[in-house]
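Structural features, examined
Spelled out, the chains give:
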Amino acid sequence: MDSRTMSLASFDGGDPDLYLAVVFIEQREPGQGFPPLSPDEVVLAEYPLPAARPPWLPPR
C-alpha cells in the first residue's frame, strides 16, 4: 500500500471552526484536466498515480 503525507501547516492560526473535507480525485481520462476549484477549495497536494494500478481500486 502506498502512503502520502500532506501538511496542514498553512491552516495554523486559522479559524478553529474551519471544516476540512479531504477528497481524493483521479482523472477519468489521462491528460484531461480537472474541473475548476470553488473559491473555498484549495489543493493541498498532487502526486502521480503508480504505473501499476493496485487491485483494490476500480478499473479506469
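Residues numbered from 1 in each chain as written. Predicted model: local features only at pLDDT ≥ 70, side-chain atom pairs only at ≥ 80, totals over all residues. Heavy atoms only, no water.

**Details of the overall build of the protein**
In plain terms, the rule: In this text, helices come from DSSP runs of H or I with a minimum length of four residues, and strands from runs of E with a minimum of two, each type numbered from the N-terminal end. Relative accessibility under 20% of the residue-type maximum defines a buried residue, over 50% an exposed one, and the middle range a partly exposed one, all with a 1.4 Å probe and only protein chains included. Using a 1.4 Å probe, accessible areas were evaluated by the Shrake-Rupley method; residue-level cover was limited to the displayed protein chains.
Looking only at helices and strands, the protein features zero helices and zero strands. Along the first, second and third principal axes, the C-alpha atoms of the protein reach 40 × 25 × 15 Å. A burial count over the protein gives 2% of its 60 residues as buried. Within the structure as shown, the protein displays about 6,100 Å² of accessible surface, and the carbon and sulfur contribution to it stands at 57%.

**With respect to the environment of Met-6**
Here is the rule we go by: Two residues qualify as a contact provided that any one of their heavy atoms is within 4.5 Å of a heavy atom in the partner residue.
Its relative accessible area of 35% is what places Met-6 among the partly exposed residues. Taking C-alpha positions, Met-6 is 13 Å from Ala-21, a pair spaced 15 residues apart along the chain. Not counting residues within four places of it along the chain, the set of residues in contact with Met-6 comprises Val-22, Leu-44 and Ala-45.

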